[in-house]
Amino acid sequence: MKRIITMCVALVSAMLMLASVASAENGSSHPTQAKDAAAKQCAAERKADRDAFEAVFGKHAMRTCIKAETDDSQAEARNAAQECRAQRAEDNDAFVDTFGTRNGKNAFGKCVSSTVRAEDDEDADEFKNAAKECKAQRAEDGDAFRDAFGSEQSRGKNAFGKCVSSTVRADNDDDEMDDDDEMDDDDETDDDDEMDDDTTDGEETPTA
């Protein structure tokens, strides 16, 4: 009986592992996995600055944060899967050497999880820096700070949370613009290379 139970547990574990790999390959994330990822992200932000975290997300900060971050966690998983597929397609051997531990079979899952973790660490740093920046602004001129970020309904009491969230959002927008600029630069470089190739092909070999 114990042997049968053990075999059943092993079978279920294997099925869950295969489902997890398939989910990563497809660039998707199960709702529970996305919620767990969001919880880790929120915990990292709370650790970075608890006062700022509670100011941004309110009374039930952790619950509110997880609900807000779950969709972003799913998007991060999709983006990470896309990035890992590109790395694997470019050089599969190097990809397996970098991420694989069980004959390379788990390389893709390891790549996705490490990429998401790096993104979460970066987000936590941005949150911490935003909180630090807002505290400096508040210390410099509290009245101007409340006028700039606080709402009339709260009489400026929500100014700190509004400042942090808007600063983080602005930083994310800047990052997206930088990524777009890099893509445009790459496209221009490719076009220049093609023009150089065309010019070379069209040149006549000088005769003596």
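Since this is a predicted model, take the numbers as computed values, not measurements.

Asker: Help me get a handle on helix 3 (residues 50-57), residues and values and all.
Answerer: When helix 3 is considered as a whole, its buried residues turn out to be A52, F53 and F57. Taken around the axis of helix 3, the buried residues stretch over an arc of 110 degrees, which confines them to a single face. The opening residue of helix 3, the one whose side-chain oxygen lies 3.3 Å from the backbone nitrogen of D51, is D49. Directly after helix 3, the chain includes G58, whose backbone phi takes a positive value near 85 degrees.

Asker: Give a detailed account of the confidence of the model for the protein, specifying residues and quantitative values.
Answerer: For the protein, the average pLDDT comes to 78, and 68% of its residues sit at 70 or higher. Here helix 1 (residues 2-25) stands out as the element of the protein with the lowest mean pLDDT, 42, in contrast to helix 3, whose mean of 95 is the highest. Predicted confidence is poor over residues 4-24, with pLDDT under 50, and the contacts of this stretch with residues over four places away or in other chains come to 10 contacts.

Asker: An account of the state of the cysteines is requested, with residue identities and associated values reported.
Answerer: One pass over the structure, following the stated rule, counts 3 disulfides. Linked covalently through their sulfurs, C42 and C65 form a disulfide whose S-S length is 2.0 Å. Around the S-S axis, the bridge from C42 to C65 shows a dihedral of about -95 degrees and counts as left-handed. Highlighted residues: C42 in helix 2 (residues 31-48) and C65 in helix 4 (residues 61-90), separated in sequence by 23 residues. Like C65, C42 is buried. In this model, C134 is linked to C163 through a disulfide, with the two sulfur atoms separated by 2.0 Å. Its S-S torsion of approximately -90 degrees makes the covalent link between C134 and C163 left-handed. Of this pair, C134 sits in helix 6 (residues 107-140) while C163 sits in helix 8 (residues 159-202), and the two are 29 residues apart along the sequence. Should the bonded cysteines of the protein be numbered as they appear in the sequence, the pairing reads 1-2, 3-4, 5-6.

Asker: Just give me the short version of the side chain of T167, but keep the residues and values in it.
Answerer: For T167, the location among the structural elements is in helix 8. On the basis of relative accessibility, which here comes to 10%, the residue T167 falls in the buried class. If we skip the residues at most four places from it in the chain, T167 touches A130, E133 and C134.

Basis of the calculations
- Residues numbered from 1 in each chain as written.
- Predicted model: local features only at pLDDT ≥ 70, side-chain atom pairs only at ≥ 80, totals over all residues.
- Heavy atoms only, no water.
- Buried < 20%, exposed > 50% of the residue type's maximum accessible area, 1.4 Å probe, protein only.
- Helix = DSSP H or I, 4+ residues; strand = E, 2+ residues; numbered from the N terminus.
- Arc of directions from axis to C-beta.
- Polar contact = N/O pair within 3.5 Å; in protein donor to acceptor, adjacent residues only side chain to side chain.
- pLDDT = per-residue confidence, 0-100.
- Contact = heavy atoms within 4.5 Å.
- Disulfide = S-S within 2.5 Å.

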